[in-house]
Structures are given as structure tokens and as C-alpha cells.
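# Coordinate analysis (summary)
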Amino acid sequence: MREEYSKDYDDFTLTDYSTDELSGSLSPFTFLCVVAVLMLFGLIMAYSASYDSAIREGLSHYHFLLEMVTFGFFAMITGIVLFFMPRAKLEKLFYFTLPLSFILLAMNVISSLGGENVSILSGFPDLNGSDAMIFSSVLMLAYILPRIREKEGRGYFYLAFFILSLLITLMMTLSKNFCYSILFFLTMSVALHAASMSRRYVFFYLLFNLTLVVFVILSSQTFLSSFFSRLMPYYWDTSDALSASNCLSAIAEGGIFGKGIGSSYYKLGQIGNVEDEYVYAVIAEEVGLVGTLMILLFFFLFLFLNIRCAHRSKKSGDDYIRIVSLSFSFMIVFKSLLSMLSSCSVIPSSGISMPFFSADGFSYFLTITECAFLYRFMHITGRGYEKVRD
């Protein structure tokens, strides 16, 4: 009975739902509320952190806010399309996004290595290939891994993915996205674990990728200075080190309750790129430790709801939903924590944005799109779980 239902509960053309099916689970509504709160508070804090940067660049004070709202609007339209898209087409979406992600990531690498002499990305400042690559890689693994689990030649795919993963990690590191490199192999590890891969293989995968990142950083003086100037800002005389040290001062001055929204001093030209990678410093200064803990609470509630969704999909035997739900939710939470830790100089920041809060339009678009995936799957598993239980 459970197997029969797994073929039908995703059919949005059905009209004979029972009362129990329509009642479903409260998880989708709760999830929407959590996402709405994060989006609303994120827009407020993004505007607070970005208006001075926009004015200094000769733009309107609401420029970055308008960019986020625009990208968010198109993301919600995309989410509606994804919600009603046939399952077979949804699962093959990575055929389009993966090549595009490789192109964007290659452009980021060229831009990073070429410096100011390379103008290929001058018209696309927000198209971060690392974000797109993680998104596409999750969709690829979710589609392929369940289909090859019992096949004899699966070892060749694992080897090919391992080599491809090392290449992607190398490209992210060469583009000086150290935190994105970490985020990539952490997210892939969650996907591999969700696909029931042995823990020792997941551990070795993590170890090899981490070793590669460390090797690339240690092999170049440029990468070393960029890495350690953020990790130990008080010992380096660079603009990155100055921004990192001012972040620490902003967080310290925020204290327990903060100065109040809009009252940050360090966002006024004291921190570079404060509207994006260092936005947490403004959040901590304006809303303090209490506000930070509330944000973390919502992020962990976000994660909890998706873990429940993954657990339900395991009961219904839907591996695709399980892999995507766990990977996307952990990725968003990991990314938030990495952004916070980088602002605290615990790890080196290298352009990683904070989901819902950073004024990075493309990253914001992908975050909302990922939430659309998660909502659709939560909606499906909620109805599926109710029918199985009854």
C-alpha cells in the first residue's frame, strides 16, 4: 500500500482527496512562516547594512534592497513553477543548471586569477558560480544515486564524482572562495550520507577535499596572505584585515541587546563589503546577542522541519526527496554558520553570503528557490505520511 501511494501522492491533477489528505501536516505551513520571518527580517537588516554602501557608490540608498526584492520576486515565480512542475522534469533540472554552474564558476576563477585586468564579469557582479554549483550538484546526486545503488558499475560513478568533486573544490579555492569550498564538500557529504553511503567513505571524501583546500592555500603566498589576514586581522596591515578587525569591534559593541536597528556605526564605511559577507557584524551590533540567538533559533527550526520531511520520505521510500531535503536544509544552515563564524574571524571569510540577510541578489534567488523545493517536498510528504499512518 505504501509503495502504491508513493506513485500517486505527487499527482497534482487528482481531485478525489479525502479529508485526511487535505488536512495533511502542519509542517508546510510552519515552514512557510519560518521562511517568511527570515525573509522579512533579512530584508530589514540587509537594507540597514547596505544603504550607506549604496550611497558611497553613487547609487540610491535602497538600491541593494530593490535588487533583493527583484530577485526574490523572480524566485517566488520560479518556486510556483517548480511546485506544479511534473516530477520527472523536476528531477532532470540539473541537466540545465549543472553546465551553467560550471560556466559561472569558471568565470569566477578567471576573474579571481586575472584580477582587475579581466572584465568578463564586469556586468554580472552577483552571479556567484559557487552557489550555483552546490545547488546543481545536490540535484545531480539526488537524481543519480538512488538509480545506481544496486547496479554493478556504481563504483565507476563514485570514482567519477570523486574526481569531479575535487575539481570543483579546486576551482572554488582558486577563486578564493575558501568558505564555499568548505560548504561544498560539507553539503555533498550530507547528500552522500542521505543516499545511505557508508560513513567511512563519506569520511574519506571529507578528508581528501579538506586536504586539497589546505594544500592550495599553503602553496601560494597570495592565498596565504588572504587566508591569514582574515583569520588574524590584528597582525596584518591590509584592507581585509581592517574590515575583519572592525567586525570584531562591531560584534563586541553590540553586547547583549544591541544598539537598535539602524544604529550601527561600523557599517558607515568602516567595514568593506558589509552588505554581503560581513552582514552578520551589523546584525550583531544592532540586535545584539539576543537577536542573534533568535535568528539561530529560526534557522534550527528550519532545519528541524526538513529533517522531519526527510524522515517521512524515508518511510515512503522516496530517496530523491530525502537527499534534496537534507542537503538543501543543511546547506542553508551551514552557510549561515560559516558566514557568522567568518565575521567573527574564526574562519577566513572569502565572499560567503548569509542566507536571507546578505544583499546578494543571485544568492538570495537561489536560497528562495531552494526553499521552494523544500516546501513542495514537505507538502508531499505531509500528505503521504498521513495516508500511510491511517
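Note that the structure is a prediction, hence the values are computed from the model and not measured.

## A look at the overall build of the protein chain
Tallying secondary structure elements over the protein chain gives 15 helices and zero strands in all. Burial analysis of the protein chain (390 residues in total) assigns 52% to the buried set. Put simply, 77% of the contacts in the protein chain that link residues at least 6 apart link residues at least 24 apart.

## Considering the pattern of salt bridges
Following the criterion strictly, the structure yields eight salt bridges and no others. Between Asp318 and Arg87 there is a salt bridge whose closest N-O contact spans 2.7 Å. Highlighted residues: Asp318 in the loop between α13 (279-316) and α14 (319-343) and Arg87 in helix α5 (residues 87-91), separated in sequence by 231 residues. Taken as a pair, Asp318 and Arg87 share a single burial class, namely buried. By sharing partners, the salt bridges in this structure join Arg87, Glu91, Arg147 and Asp318 into a single network.

## So, the nonpolar core
Membership of the largest hydrophobic core comes to 105 residues, with the highest contact counts inside it found for Phe356, Phe357 and Phe373. The element best represented in this core is α13, accounting for 14 residues. Other than its neighbours up to four places away in sequence, Phe356 contacts Val35, Leu38, Met39, Gly42, Leu43, Met68, Phe299, Ile332, Tyr364, Thr367, Ile368 and Cys371.

## Here we look at the packing of aromatic side chains
Applying the stated criterion across every chain yields a total of 23 aromatic pairs. A ring pair is formed by Phe135 and Phe373, whose centres lie 6.0 Å apart and whose planes are at 70°; its orientation type is edge-to-face. Here Phe373 lies in helix α15 (residues 361-389) and Phe135 lies in helix α7 (residues 129-148), a separation of 238 residues in the sequence. The class for Phe135 is buried, based on a relative accessible area of 5%. A relative accessible area of 2% means that Phe373 is categorised as buried. Members of the aromatic cluster, each reached through a chain of ring pairs, are Phe135, Tyr320, Phe328, Phe373 and Phe377. Lying over the aromatic face of Tyr143, Arg147 brings its terminal NZ or CZ to 3.9 Å of the ring centre. It is Arg200 that lies over the ring of Tyr201; its NZ or CZ is 5.3 Å from the centre.

## Here's the deal with the side chain of Ser342
Mapped onto the fold, Ser342 is located in helix α14. Within the structure, the side chain of Ser342 is placed 2.8 Å from the backbone oxygen of Ser339, a separation counted as a polar contact.

## Brief notes about the confidence of the model for the protein chain
Residues with a pLDDT of 70 or more make up 82% of the protein chain, whose mean pLDDT is 83. Note on residues 116-125: pLDDT under 50 across the span, and six contacts to partners over four residues away in sequence or across chains. Segment residues 385-390 is flagged for pLDDT under 50; beyond a separation of four residues in sequence, or across chains, it makes ten contacts in the model.

## Some details on the side chain of Ser181
By the element assignment, Ser181 lies in helix α9 (residues 178-194). With relative accessibility at 0%, the residue Ser181 sits in the buried group. Discounting chain neighbours no more than four positions away, the residues touching Ser181 are Thr169, Met172, Thr173 and Val213.

## With respect to α7
For α7, which comprises 20 residues, the first-to-last C-alpha distance of 28 Å matches the rise-based estimate of 28 Å (1.5 Å per residue) to within 8%. Within α7, 18 of the 20 residues are buried, which leaves it mostly tucked inside the rest of the structure. You can read the cap of α7 off the contacts: a side-chain oxygen lies 2.9 Å from the backbone nitrogen of Ser130, and it is on Asn128.

## A few points about the environment of Gly260
Locating Gly260 in the fold gives a position in the loop between α12 (239-254) and α13. Gly260 gets classed as partly exposed once you look at its relative accessible area, which sits at 24%. Expressed as a C-alpha distance, the spacing of Gly260 and Ala284, which sit 24 residues apart in the sequence, is 10.0 Å.

About the thresholds
- Residues numbered from 1 in each chain as written.
- Predicted model: local features only at pLDDT ≥ 70, side-chain atom pairs only at ≥ 80, totals over all residues.
- Heavy atoms only, no water.
- Helix = DSSP H or I, 4+ residues; strand = E, 2+ residues; numbered from the N terminus.
- Buried < 20%, exposed > 50% of the residue type's maximum accessible area, 1.4 Å probe, protein only.
- Contact = heavy atoms within 4.5 Å.
- Salt bridge = Lys/Arg side-chain N within 4 Å of Asp/Glu carboxyl O.
- Core = buried A, V, L, I, M, F, W, Y, C linked by side-chain atoms within 4.5 Å.
- Phe/Tyr/Trp six-rings, centres within 6.5 Å; stacked < 30°, edge-to-face > 60°.
- Lys NZ or Arg CZ within 6 Å of the ring centre and 35° of its normal.
- Polar contact = N/O pair within 3.5 Å; in protein donor to acceptor, adjacent residues only side chain to side chain.
- pLDDT = per-residue confidence, 0-100.
- Expected span 1.5 Å × (residues − 1).

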